Amino acid sequence: MKRDGRFTDADVTPEDIFHQRRRVLKALGITTAALALTPGAQADILSWFKGHDRPKAPSGKPLTFAQPAEYQAKLALTPEDKVTGYNNYYEFGLDKADPAANAGTLPLDGWKIRLEGEVAKPITLDMDDILRLFPLQERIYRMRCVEAWSMVVPWVGFELSRLIKYAQPTGNARYVAFQTLYDPENMPGQKDRFIGGGLKYPYVEGLRMDEAMHPLTLLSVGVYGKALPPQNGAPIRLTVPWKYGFKGIKSIVSIRLVHDMPPTTWNLSAPNEYGFYANVNPHVDHPRWSQASERLIGSGGLLDVKRQPTLLFNGYAEQVASLYRGLDLRENF
Ligand SMILES: Nc1nc2c(c(=O)[nH]1)N[C@H]1C(S)=C(S)[C@@H](COP(=O)(O)O)O[C@H]1N2
Ligand SMILES: [Mo]
């Protein structure tokens, strides 16, 4: 310390950083007891904190899009550096800071996406085709991870229904199956189960046909007005705002219309914890934690994390509850 009582950089000891992290954990409402019950939670938050001094990925090219009034929700946005710096993308590591640090190896050049299965017109499109065929919109959506944190994200994309209609589904199409790129040389978590969390790769997801055709369901190609950075699932990923974040499969190479309910990655990994539906629901807890509330990663500084109640269907009940009439949401979690 200087004689006048001010601190210099040399005075910031590992202990100070430790106490600062303790304050972060406290701000997040995480007690030592809670940490004992949720392995990974401490490493998770500390690594994100640490990740803030890593180099940022170059930002994507600016996109052109409409801003339909009905989708400009009056919600405070989670800042861009958190949306693009606090991620789940296990193909690039388990820590929240890992995808931003490591996903630069995702091979984006010449990306193609196949539309196949129960369609009259199977077709392979590149990203230029996609951008030419489907005009983009910006939509502000709530985003709720099954781990009980949430954000408010300005996505740029188009309705998945438009792509599905383009391929002309047959009468046998009842579900839609999605697949992430499989490229273990460039996606280290697919090669090494310690990096990739022991999931089965490629990551796969699915929706019922009516969910896929719902106007809220997007294929996103951008965030914050620019092309998606790799860590957010470049060049094209799914966004289903009333479902837990793991339904939002990243870096999609195949969309297949199918007759039977397709397998999904987290359900394969832990079927008693992650269902096919994964609708956000404050009344149906995860077997290991409550879903009644969530930590909103807010618009203030690093410590701006507010606990708030979870909303049924993540606040989109008015638009989507009718899809599930007569379905037991506890059984079909
Ligand atoms: N291929 C792939 N897609 C994925 C994941 C993943 O690990 N691999 N993680 C999911 C989870 S758990 C969440 S919460 C969201 C996170 O999206 P974001 O990092 O853009 O916020 O991506 C989902 N899509
Ligand atoms: Mo998630």
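Our subject is the structure listed above.
Only a predicted model underlies this, so the values are computations on that prediction, with no experimental measurement involved.

## Remarks on the site of ligand 1
- Surrounding ligand 1, one finds 16 residues, the nearest of these being Asn-87, Tyr-90, Glu-91, Gly-248 and Lys-250.
- Between ligand 1 and the protein, one listed contact pairs a nitrogen atom with a side-chain N or O atom of Glu-91 at 2.8 Å.
- A distance of 3.0 Å separates a nitrogen atom of ligand 1 from a polar atom in the side chain of Thr-180.
- Here ligand 1 has 530 Å² of accessible area as a free molecule, and 97% of this is covered by the chains.
- Class assignment of the residues belonging to the shell around ligand 1 gives a composition of 7 nonpolar, 6 polar and 3 charged.

## Quick notes on the packing of aromatic side chains
- Applying the stated rule across the entire model yields 12 aromatic pairs.
- Plain terms: the ring middles of Phe-134 and Phe-158 are 4.8 Å apart, the flat faces sit at 10° to each other, and that makes the pair stacked. With Phe-134 in the loop between helix 6 (127-133) and strand 3 (137-144) and Phe-158 in strand 4 (residues 149-159), the pair connects residues that are 24 residues apart, well separated along the chain.
- Here the aromatic rings of Trp-266 and Tyr-274 are separated by 5.2 Å at their centres, their planes lie at 65°, and the arrangement is edge-to-face. Considered together, Trp-266 and Tyr-274 belong to a single accessibility category, that of buried residues.
- Each residue in the set Tyr-175, Phe-276, Tyr-277, Phe-313 and Tyr-324 is aromatic and connected to the rest through ring pairs, giving one cluster.
- The side chain of Arg-142 reaches across the aromatic face of Tyr-316, ending 6.0 Å from its centre.
- Here Lys-247 stacks its cationic end above the ring of Phe-276, 4.2 Å away from the centre of that ring.

## Thoughts on empty space enclosed by the protein
- A complete count under the given rule lists 2 cavities of 30 Å³ or more for this structure.
- Its volume calculated, the largest cavity comes out at about 100 Å³.
- Lining the largest cavity are 14 residues, and of these Met-143, Thr-239, Val-240, Lys-243 and Gly-245 sit closest to its centre.
- Taken together, the elements giving at least two residues each to the lining of the largest cavity come down to strand 3 and strand 9 (237-239).
- Grouping the amino acids of the lining of the largest cavity by side-chain chemistry returns 6 nonpolar, 3 polar and 5 charged.

## Section: the sheet that holds strand 6 (residues 204-208)
- On the basis of which strands lie adjacent, the open sheet formed by 5 strands has the order 2-1-10-5-6 and mixed pairing. Of all strands in the sheet, those with a lone pairing partner are strand 2 (123-126) and strand 6, marking the two edges. Direction aside, the axes of adjacent strands within the sheet are offset by 15° on average.
- Here strand 5 (residues 175-180) runs beside strand 10 (residues 252-258); their pairing, made up of 6 bridges, is antiparallel. Each residue of the ladder has a partner; that of Tyr-175, found in strand 10, is Val-258.
- In this fold helix 7 (residues 160-167) packs onto strand 1 (112-117), strand 2, strand 5, strand 6 and strand 10, with an angle of close to 65° to the strand it touches most, strand 10.

## What about unusual backbone geometry?
- The step from Tyr-201 to Pro-202 runs through a cis peptide bond, and the omega angle for that step is 5°.
- For the bond from Ala-234 to Pro-235, the omega torsion is -5°, close enough to zero to count as cis.
- Mapped onto the fold, Pro-235 is located in the loop between strand 8 (226-227) and strand 9.
- With a phi angle near 75°, Ala-148 is a residue other than glycine that sits in the positive phi range.

## Here's the deal with the pattern of salt bridges
- According to the stated counting rule, one finds 14 salt bridges in the structure shown.
- Among the salt bridges present, the one from Lys-96 reaches Glu-147, with a minimum N-O distance of 3.0 Å. With Lys-96 in the loop between helix 4 (80-83) and helix 5 (98-102) and Glu-147 in the loop between strand 3 and strand 4, the pair connects residues that are 51 residues apart, well separated along the chain.
- Take Glu-147: its relative accessible area is 26%, and that puts it in the partly exposed class.
- Among the ionic contacts, a cluster of salt bridges with common partners joins Arg-114, Glu-116 and Arg-256.

Rules behind the numbers
- Residues numbered from 1 in each chain as written.
- Chains lettered and ligands numbered in written order.
- Predicted model: local features only at pLDDT ≥ 70, side-chain atom pairs only at ≥ 80, totals over all residues.
- Heavy atoms only, no water.
- Near = heavy atom within 4 Å.
- Polar contact = N/O pair within 3.5 Å; in protein donor to acceptor, adjacent residues only side chain to side chain.
- Areas by Shrake-Rupley, 256 points an atom, 1.4 Å probe, with all protein chains shown as cover.
- Nonpolar A, V, L, I, M, F, W, Y, C, P; charged D, E, K, R; others polar.
- Phe/Tyr/Trp six-rings, centres within 6.5 Å; stacked < 30°, edge-to-face > 60°.
- Helix = DSSP H or I, 4+ residues; strand = E, 2+ residues; numbered from the N terminus.
- Buried < 20%, exposed > 50% of the residue type's maximum accessible area, 1.4 Å probe, protein only.
- Lys NZ or Arg CZ within 6 Å of the ring centre and 35° of its normal.
- 1 Å grid on protein atoms, 1.4 Å probe; cavity = no way out; pocket = protein on both sides within 12 Å on 5 of 7 lines; lining within 4 Å.
- Points joined across faces, edges and corners; volume = space filled by probe spheres on them.
- Pairing = 2+ DSSP bridges.
- Axes fitted to C-alpha atoms, helices over the stretch in contact; angles between N-to-C directions.
- Contact = heavy atoms within 4.5 Å.
- Salt bridge = Lys/Arg side-chain N within 4 Å of Asp/Glu carboxyl O.

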